[in-house]
Amino acid sequence: MADEEFYLRYYVGHKGKFGHEFLEFEFRSDGRLRYANNSNYKNDTMIRKEGTRAARHPTPPYPTL
């Protein structure tokens, strides 16, 4: 089950007075995380960030039930 692919994308946006504005998050099973925020309010530019999460700890730091 640990080898299964996982992909989650959350997007919310609209077209209005300042054009197409949106916020987007992406999470992948390979640990990749992506973020994008597009707003033209006061001539703002698109913000994009990307990173990876650390490998999972082999044993939980607390007792499991």
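Computed from a predicted model, the values in this text were never measured in an experiment.

A.B. asks: Just checking my understanding: could you explain a nonpolar patch on the surface for this structure?
C.D. replies: On the surface, a cluster of nonpolar side chains totalling about 350 Å² of accessible area is made up of Phe6, Leu8, Phe27 and Leu33. Its place among the elements puts Leu8 in strand E1 (residues 7-16).

A.B. asks: It is not clear to me how the pairing of strand E3 (residues 32-38) should be interpreted in this structure. Could you clarify?
C.D. replies: In regular strands, side chains alternate between the two faces of the sheet. Pairing geometry for strand E2 (residues 19-28) and E3, over six bridges, is antiparallel. The residue of E3 that forms the bridge with Leu23 is Asn37. Here E2 hands over to E3 after three residues, with Gly31 in that stretch at a positive phi of 95°. In this sheet, strand E4 (residues 47-52) lies alongside E3 in antiparallel orientation, the contact comprising six bridges. Pairing of Arg32 across the sheet is with Thr52, part of E4.

A.B. asks: Whenever I open this one, the environment of Lys17 confuses me. Can you help?
C.D. replies: Along the chain, Lys17 turns up in the loop between E1 and E2. Separated by 23 residues in the primary sequence, Lys17 and Asn40 have C-alpha atoms spaced 9.2 Å apart.

A.B. asks: How do you make sense of the pattern of salt bridges when you look at a structure like this?
C.D. replies: If the charged atoms of two oppositely charged side chains come close together, the side chains can form a pair. Within this structure, the stated rule accounts for five salt bridges. A salt bridge links Arg34 to Glu26, with the nearest nitrogen and oxygen atoms 3.6 Å apart. Overlapping salt bridges bring together Glu26, Arg28, Arg32, Arg34 and Glu50 as one network.

A.B. asks: Is there a simple way to think about the side chain of Glu26 in this case?
C.D. replies: Within the secondary structure, Glu26 sits in strand E2. Glu26 sits in the buried class, given a relative accessible area of 9%. Side chain to side chain, Glu26 and Tyr7 meet in a polar contact 3.4 Å long. When residues no more than four places from it in sequence are discounted, the contact partners of Glu26 are Tyr7, Leu8, Arg9, Arg32, Leu33 and Arg34.

Reading guide: rules and limits
- Residues numbered from 1 in each chain as written.
- Predicted model: local features only at pLDDT ≥ 70, side-chain atom pairs only at ≥ 80, totals over all residues.
- Heavy atoms only, no water.
- Patch = residues over 30% accessible without salt bridge, like charges linked within 9 Å, V, L, I, M, F, W, Y side chains within 5 Å.
- Areas by Shrake-Rupley, 256 points an atom, 1.4 Å probe, with all protein chains shown as cover.
- Salt bridge = Lys/Arg side-chain N within 4 Å of Asp/Glu carboxyl O.
- Helix = DSSP H or I, 4+ residues; strand = E, 2+ residues; numbered from the N terminus.
- Pairing = 2+ DSSP bridges.
- Buried < 20%, exposed > 50% of the residue type's maximum accessible area, 1.4 Å probe, protein only.
- Polar contact = N/O pair within 3.5 Å; in protein donor to acceptor, adjacent residues only side chain to side chain.
- Contact = heavy atoms within 4.5 Å.

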